[in-house]
Amino acid sequence: MSSPQQKQPSDLRSDGDLRYANLDEKKRKRMISNRESARRSRAKKQHRLDELLGEINQLQRDNNTIMKKIDAATQMFVGAESQNNVLRAQLTELTDRLHSLNSVLHIAQEVSGLTMEIPEIPDTLLEPWKLPCSVQPITTSFNMNMF
C-alpha cells in the first residue's frame, strides 16, 4: 500500500490544481484590471476628443466672426476711399473754378481801372492736409465700437 510519505497521483493533482487555481485567479484579476484600465484609457481619449472638437467649433465660430468684421471694415474702407475720390475731384473742380474767377477779376480790374483786392489762391489748397484749421470733432456715420 502506500506509505504516508509517498503521495498519490491524485494528491499531486489536487496540490497542482490549487497552484493553478491561484495562478488562474491572479491571471483573471490581472485581465479584469487590464480591461478596466483600457476602458478608462478609452474614456479619457474620448473625453479629450470631445474637448478638441468643442474647441474646433469655438475657433470656427470665432474665425467666422472675425471674417465678418474684416468684410465690414473692408466695405467701410472702400466706401471711404470712394468718398475721398469724389471729394478730391470736387476739390480739383472748385480750384479750377477759383482760378478762372480770379482770372476774370484780374481782367475786370485791368479793363475798369479799379483796384480790387483779389486774394491769391494758397498752394495749400491743393494739399488740404496742410491747411491751418481749427480742431473740430469728426463725426462718422458708422459705429466705431464695432471693432
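Residues numbered from 1 in each chain as written. Predicted model: local features only at pLDDT ≥ 70, side-chain atom pairs only at ≥ 80, totals over all residues. Heavy atoms only, no water.

Undergrad: Can you break down the overall build of the chain residue by residue, with the values?
TA: Within the chain, the regular secondary structure consists of 1 helix and 0 strands. Counting over 147 residues, the chain shows a buried share of 4%. Restricting the contact set of the chain to residue pairs at least 6 apart, pairs at least 24 apart contribute 40%. Of the roughly 13,700 Å² that the chain leaves accessible, carbon and sulfur atoms contribute 57%. (Helix = DSSP H or I, 4+ residues; strand = E, 2+ residues; numbered from the N terminus. Buried < 20%, exposed > 50% of the residue type's maximum accessible area, 1.4 Å probe, protein only. Contact = heavy atoms within 4.5 Å. Areas by Shrake-Rupley, 256 points an atom, 1.4 Å probe, with all protein chains shown as cover.)

Undergrad: So, the side chain of N102: which residues are in play, and what are the values?
TA: With respect to the helices and strands, the residue N102 is situated in helix α1 (residues 9–112). We classify N102 as buried; its relative accessible area is 11%.

Undergrad: Mind laying out the environment of E120, listing which residues take part and the relevant values?
TA: Take E120: it is sitting in the segment after α1. Between the C-alpha atoms of E120 and H99, which are 21 residues apart in sequence, the distance is 9.2 Å.

Undergrad: An account of the pattern of salt bridges is needed here, citing residue identities and associated values.
TA: Within the structure shown, the criterion is met by 4 salt bridges. For E51, the salt bridge is made with R48, and the minimal N-O distance between the two is 3.4 Å. In this pair, E51 and R48 both sit in helix α1, 3 residues apart, roughly one turn of the helix. For E51, a relative accessible area of 38% translates into the label partly exposed. (Salt bridge = Lys/Arg side-chain N within 4 Å of Asp/Glu carboxyl O.)

Undergrad: So what's going on with the confidence of the model for the chain? Which residues, and what values?
TA: Considering every residue of the chain, the mean pLDDT works out to 79; 69% of them sit at 70 or more. Here residues 7–13 scores under 50 on pLDDT; set against residues more than four positions off or in separate chains, the count is 3 contacts. (pLDDT = per-residue confidence, 0-100.)

Undergrad: Just give me the short version of a nonpolar patch on the surface, but keep the residues and values in it.
TA: A cluster of nonpolar side chains, L49, L53 and I56, forms an exposed patch at the surface whose accessible area comes to about 250 Å². Within the secondary structure layout, L49 lies in helix α1. By relative accessible area, L49 is classed as partly exposed at 43%. (Patch = residues over 30% accessible without salt bridge, like charges linked within 9 Å, V, L, I, M, F, W, Y side chains within 5 Å.)

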